[in-house]
2 protein chains.
Amino acid sequence: MAALERVNGVALWRQIADSIRQSIASGEYSGTIPPETLLAERFGVNRHTVRAAVSALSREGVLRSERGRGTFIIRQDSYVFPISRRTRFSEGLSEQARVFDGALLGADQEMADAALARRLSLEAGAPVIRLETLRRADGIALSRATSWFPAGRFAGIADAYREEGSITRAFRRLGLADYVRRETEVTASHASPDDCLALGLSAGAIVLVAQSLNTDLDGVPVQYAVTRFAADRVRLAMDTG
Amino acid sequence: MAALERVNGVALWRQIADSIRQSIASGEYSGTIPPETLLAERFGVNRHTVRAAVSALSREGVLRSERGRGTFIIRQDSYVFPISRRTRFSEGLSEQARVFDGALLGADQEMADAALARRLSLEAGAPVIRLETLRRADGIALSRATSWFPAGRFAGIADAYREEGSITRAFRRLGLADYVRRETEVTASHASPDDCLALGLSAGAIVLVAQSLNTDLDGVPVQYAVTRFAADRVRLAMDTG
DNA sequence: GATGATTTGTACGTATGTATT
DNA sequence: CAATACATACGTACAAATCAT
């Protein structure tokens, strides 16, 4: 594998670890991964380097090595987040997780900058409420979101969310019975130190970043959110059938 | 901060380079990027580390530094891929790129394994045609896709695609006038060596992985595809308004 | 034009991580 | 496990080009 060279700022063992993870996800291996010596030969590296890769995956909870027996694949749960006009994370997940909750990490009032004001159809500098929230399923952090709401219309949103643990229910409490998702834009990037802390990720992990806009039934924006999903625990599903 | 690399396997400067590239793509910067000292402070690293990141991006043709003046953005390539029931990549992109084309990297006939057969509503072991394709905009590789088609119905799909450069037109040529996207599932992972080669990415880059199913108007599956997008050049947009 | 602030370029030193032998 | 060569990251200092005043 000539492509594996250390010139790009990514350690060989990390590239090999990612390759192994990929092979596991694609079903190429089942039960155990091949022996270290075989992998070393296949990747064209020293056995020590393969060991470093396996060690990293073990730390991340993907593999478990047993002396004399082999290295076993630990199945990890992955959650599907539906994205549609009627997206309700809490409802979509309730079938997959036994315990599902949202926590309020922080709240603040600030002034909308030009880009945010445009998205929420407000005047630049208009007051908005920012919520930092965390979603968990069965005790595992899945996503953290930063949401902005027009401050005039949703003054008590922070308290409402804190007590309800759900945007849908917080909206309902403030008199907004229904809302729809107008648009979602998905990208991906490396997890920031903040992401790692909040989501319990190892440094260098990947997050799916979704920017979304919700409106009321008259098309008036009620929430703009940037949500960061732990990419190895979550799939985003768009049903367009 | 030096400890980051130990846990991670991805060099700090590489993570910062990716982050800068992401910010450029998302339109956060325009014209120039912030000064090195400011970026260093913002990322919490030494100025040299930022310089290593900028240096890498300069080698890749994204940035150009001028002493005393600043660091200028050369390529600000960000393409939005719409995902909807009527997704037509070629149509959605034609407004954003001057030159847009699809190339056939390879084609093969194989037998559907259990998972693929289920997705295409075929018997396990049924013959399918696999296409490896690459999409470019203005000469820049945006995505590579592996697609499977029922071999019985779309025998000449490889030749048709090779000559048309588009799935939509290849389908039309084989008598399928129209089709719809039924579902799409999005995840993200590190770029494999193959991805790096095909998409011109640096090791450690991120790809958005979309698994999608297309059906004809009667709901019969016609194509299952796994598409790998260069995450720093592409945003996936779901319009649910 | 001169001055100082800003910004990128260069150099040296130190410590630690990475990968092979 | 040790030795080795190279990459990564920080720290400090100063030089050179540009820009606002």
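In the annotation of an unreviewed UniProt entry, the entry for chain A reads Transcriptional regulator, and the organism field reads Martelella endophytica.

A.B. asks: What should I look at first to understand the nonpolar core in this one?
C.D. replies: Most often, soluble globular proteins keep nonpolar side chains buried together rather than apart. Counting 31 residues, the largest nonpolar core has A:Val186, A:Leu208, A:Leu236, B:Val186, B:Leu208 and B:Leu236 as its most contacted members. What B:Leu236 contacts, discounting residues up to four positions off in sequence, is A:Thr184, A:Glu185, A:Val186, B:Phe81, B:Ile83, B:Val186, B:Leu208 and B:Phe229.

A.B. asks: Please clarify how the interface of chain B and chain A should be interpreted in this entry.
C.D. replies: How big an interface is tends to be stated in terms of accessible area lost as the parts join. Counting residues at the interface gives 42 residues for chain B, matched by 40 residues for chain A. Of the roughly 3600 Å² buried at the junction of chain B and chain A (both faces included), carbon and sulfur atoms supply 56%. Considering only the surface of chain B that becomes buried against chain A, B:His190, B:Met238 and B:Thr240 emerge as the three largest contributors, covering 18% of it. The tally of links from chain B across to chain A stands at 2 salt bridges. If you look at where chain B meets chain A, you find 6 residue pairs in polar contact (both at pLDDT 80 or more). Put simply, the parts of the chain that give the side of chain B that touches chain A at least two residues each are α1 (3-8), α2 (12-25), β8 (180-190), β9 (206-215) and β11 (234-239) of chain B.

A.B. asks: Any chance you could explain the packing of helix α3 (residues 36-43) of chain B against helix α4 (residues 47-59) of chain B here in plain terms?
C.D. replies: Residues and elements named next belong to chain B. Two elements in contact, α3 and α4, have axes whose closest approach is 8 Å; the angle formed by their N-to-C orientations is 110 degrees. Our classification of the angle between α3 and α4 gives roughly perpendicular. Between α3, through Glu36, Thr37, Leu39 and Ala40, and α4, the contact on the second element is made entirely by Arg47, Val50 and Arg51. Of the residues in the contact of α3 with α4, the class split is 3 nonpolar, 1 polar and 3 charged.

A.B. asks: Got a minute to help me understand the pattern of salt bridges in this structure?
C.D. replies: Opposite charge on two side chains permits them to pair, given that their charged atoms come into close proximity. For the structure shown, the criterion picks out 40 salt bridges over all chains. The salt bridge involving A:Asp216 is made with A:Arg153; its shortest N-O contact spans 3.1 Å. Pair noted here: A:Asp216 is in the loop between β9 (206-215) and β10 (221-230) and A:Arg153 is in the loop between β7 (140-150) and α6 (157-164), with a separation of 63 residues, a long-range link. A:Arg153 sits in the partly exposed class, given a relative accessible area of 40%. Between B:Glu36 and B:Arg47 there is a salt bridge, with its nearest N and O atoms 2.7 Å apart. Taken together, the residues span a long stretch of sequence, with B:Glu36 in helix α3 and B:Arg47 in helix α4 at a distance of 11 residues. A relative accessible area of 18% means that B:Glu36 is categorised as buried. The network of salt bridges with common partners includes B:Arg14, B:Asp18, B:Arg21, B:Glu60, B:Asp232 and B:Arg233.

A.B. asks: Help me understand the relation of the copies chain B and chain A, please; the structure alone is not making it clear to me.
C.D. replies: Both copies of the chain are related by one operation, a rotation about an axis with a shift along it. When chain B is fitted to chain A, the residual RMSD is 1.9 Å, and the transformation amounts to a turn of 178 degrees plus an axial shift of 0.8 Å. Considering both components of the superposition, the chain copies are consistent with a two-fold axis. Judged by C-alpha distance, B:Val10 is the residue of chain B that lies nearest the rotation axis, at 1.0 Å. A share of 88% of the interface residues of chain B reappears at the interface of chain A, consistent with the copies meeting face to face through the same patch.

A.B. asks: Explain the domain arrangement of chain A here, please?
C.D. replies: With domains assigned, chain A is organised as domain 1 (12-73) and domain 2 (79-238). Taking only C-alpha atoms into account, the centre of domain 1 of chain A sits 36 Å from that of domain 2 of chain A.

A.B. asks: What is the right way to read the sheet that holds strand β5 (residues 100-111) of chain B from this model?
C.D. replies: By way of backbone hydrogen bonds, the strands of a sheet pair with one another, either parallel or antiparallel. Spatially, 8 strands are ordered β4(A)-β11(A)-β8(B)-β9(B)-β10(B)-β7(B)-β6(B)-β5(B) in an open sheet, and the strand pairing comes out mixed. Every other strand in the sheet has two partners, leaving β4 (79-83) of chain A together with β5 of chain B as the edge strands with one partner each. Mean inter-strand twist for the sheet, computed between neighbouring axes without regard to direction, equals 20 degrees. Pairing analysis gives 10 bridges linking β8(B) to β9(B), with the strands arranged antiparallel. By the bridge assignment for β9(B), B:Arg181 is matched with B:Asn214.

The rules behind these values
Residue numbers here run from 1 along each chain, matching the order of that chain's written sequence. Each chain gets a letter, beginning with A, and each ligand a number, beginning with 1, in the order they are written. pLDDT decides what is reported in this predicted model: residues at 70 or higher carry local features, side-chain atom pairs at 80 or more are listed and counted, and totals for whole chains, interfaces and linings draw on all residues regardless. Neither water nor hydrogens contribute to the side-chain values; these are computed over all heavy atoms in the structure. To form a nonpolar core, buried Ala, Val, Leu, Ile, Met, Phe, Trp, Tyr and Cys residues must be joined to one another through side-chain atoms within 4.5 Å. Exposure is judged per residue with a 1.4 Å probe applied to protein chains only, and the accessible area is read against the type maximum: over 50% gives exposed, under 20% gives buried, and values in between give partly exposed. Any pair of residues with heavy atoms lying within 4.5 Å of one another is described as a contacting pair. By convention, the term buried area covers the 1.4 Å-probe accessible surface removed from two parts as they join, with the contributions of both added. Take a side-chain nitrogen of Lys or Arg and a carboxyl oxygen of Asp or Glu: if they are within 4 Å of each other, that pair is a salt bridge. Two N or O atoms count as a polar contact when they lie within 3.5 Å, although within protein this holds only if one can serve as hydrogen donor and the other as acceptor, and sequence-adjacent residues are included solely when both atoms are side-chain atoms. Every helix listed is a DSSP run of H or I at least four residues long, and every strand listed is a run of E at least two residues long, numbered separately from the N terminus. A fitted line through C-alpha atoms serves as each axis, taken over the contacting stretch for helices, and the angle formed by two N-to-C directions is quoted from 0 to 180°. Orientation is classified from the angle alone, with under 35 degrees giving roughly parallel, over 145 giving roughly antiparallel, 65 to 115 giving roughly perpendicular, and any other angle giving oblique. Each residue gets one of three labels, nonpolar for Ala, Val, Leu, Ile, Met, Phe, Trp, Tyr, Cys and Pro, charged for Asp, Glu, Lys and Arg, and polar for the others, Gly among them. When the copies are overlaid, the least-squares fit takes in C-alpha atoms only where the residue has pLDDT of at least 70 in both copies. Residue ranges for the domains trace back to a domain assignment, done automatically or taken from a database. In this analysis, strands are considered paired if DSSP registers two or more bridges between them.

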